[in-house]
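Architecture at a glance
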Amino acid sequence: SSAGDYDRDCVLAIVEGVVATDEGTLKDVLLEERSLRVRPVDPTRPPPKGGRARIAITRYRVIERRADVTRVALRLGTGRRHQIRVQLAKLGHPVIGDGRHGARRDPLRRLCLHATRLGFRHPDTGAPVEFESAPPAAFAGIGRPAEGRRLPASPSSPSGERDAGRRSGPPGRRQPLAASPPPQR
C-alpha cells in the first residue's frame, strides 16, 4: 500500500515489544464464543459449536519503534469484535493495557488503543459524518527511547523523511520489557 493510503488511518495502538515488519496485513479467522470471548482459530479445522467464526482483516503500519514498545497505525478491513486486540496479541505484540489478551504492562490503566477518526452515515439524512480525535497526550510518554533505531516515514511528516539513526530490531524477536514509571498526574 502507498503512504497516501495511511492518511486515512483511523486507529492508533501502542503495543508491547518491537514489531519487526514496517507494515503488513493481518488476516485471521476469529471465533466469538457465546460468552463473548473472541479468539483466533485454525481455519483448516471446523470451528467449535456454539460460536461464530468469521474472517478478520487489519492492515498495520509502524509509526515509531521504541526500545520496548511500538506505535502502530491501523486500518480495518473488517469490523469484528476485539479484532485489533486479538490479532495484535496473536502477532506477539498485545496492546499495552490489554491484560485480557496477554499484555504485561498497564502504565496508563487503560488500553493504549485510540480511534483517531470515526465516520458513519447520518441516520436521518444519509450524509456522511466524520469525527476526529487526537491521541491522548499520555501516549507520548509510553516506552523507553530507542537509541540507534530507525523509524519508518511518519504520517505527520509532510516530506515522508525517516528519522536518522533508527532501525528495526531483529525480525521475529520480541524485545524484553521493562517496568515503566507510573504516569505523572
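The paragraphs below set out a description of the structure included in this document.

**Considerations on the packing of aromatic side chains**
Scanning all chains against the criterion turns up one aromatic pair. Pairing F120 with F131 gives two aromatic rings, centres 6.1 Å apart and planes at 25°, and the pair type is stacked. On the criterion of sequence distance, the pair formed by F120 in strand β7 (residues 117–121) and F131 in strand β8 (residues 128–132) is long-range, its members being 11 residues apart.

**Points about unusual backbone geometry**
Positive phi, close to 60°, is recorded for H82, a residue that is not glycine. Along the chain, H82 turns up in the loop between β5 (69–76) and α1 (83–90). Positioned with a positive phi, R109 is a non-glycine residue whose angle comes to about 55°. Within the element layout of this structure, R109 appears in the loop between α1 and β6 (113–115).

**Some details on the nonpolar core**
Core analysis: the biggest nonpolar cluster contains 13 residues, and A13, V15, V72, L74 and L88 have the highest contact counts within it. Going through the elements one at a time, β1 (11–16), β4 (51–65), β5 and α1 are the ones with two or more residues in this core. A per-element tally of this core places β1 first, with three residues. Leaving out residues up to four positions away in the same chain, V15 has contacts with D68, V69, T70, V72, L88, H93, P94, V95 and I96. If you look at the next biggest cluster of nonpolar residues, it comprises 10 residues, including A73, L108, C112 and F139.

**Things to note about the pattern of salt bridges**
Inspection of every chain in the model, using the stated rule, returns 13 salt bridges. R65 is paired through a salt bridge with D22; the nearest N and O atoms lie 2.7 Å apart. A residue pair is termed long-range when its members are at least 10 positions apart, and R65 in strand β4 and D22 in the loop between β1 and β2 (23–33) qualify at 43 residues. For R117, the salt bridge goes to E132, with nearest N and O atoms at 3.2 Å. Highlighted residues: R117 in strand β7 and E132 in strand β8, separated in sequence by 15 residues. Judged by relative accessible area, E132 falls into the exposed class, the value being 56%. One continuous salt-bridge network, built from bridges that share partners, spans E33, R37 and R39.

**A short note on the side chain of H114**
Relative to the helices and strands, H114 is located in strand β6. At a separation of 3.1 Å, a polar atom in the side chain of H114 contacts the main-chain carbonyl oxygen of S133. Ignoring any residue separated from it by four or fewer positions in sequence, one finds H114 in contact with C10, V11, L12, S133, A134, P135, P136 and F139.

**Here we look at α1**
Burial analysis of α1 places six of its eight residues in the buried class, which makes it a mostly covered element. Looking only at α1, the buried set comprises Q83, I84, R85, V86, Q87 and L88.

Thresholds, definitions, all that
Residues numbered from 1 in each chain as written. Predicted model: local features only at pLDDT ≥ 70, side-chain atom pairs only at ≥ 80, totals over all residues. Heavy atoms only, no water. Phe/Tyr/Trp six-rings, centres within 6.5 Å; stacked < 30°, edge-to-face > 60°. Helix = DSSP H or I, 4+ residues; strand = E, 2+ residues; numbered from the N terminus. Core = buried A, V, L, I, M, F, W, Y, C linked by side-chain atoms within 4.5 Å. Buried < 20%, exposed > 50% of the residue type's maximum accessible area, 1.4 Å probe, protein only. Contact = heavy atoms within 4.5 Å. Salt bridge = Lys/Arg side-chain N within 4 Å of Asp/Glu carboxyl O. Polar contact = N/O pair within 3.5 Å; in protein donor to acceptor, adjacent residues only side chain to side chain.

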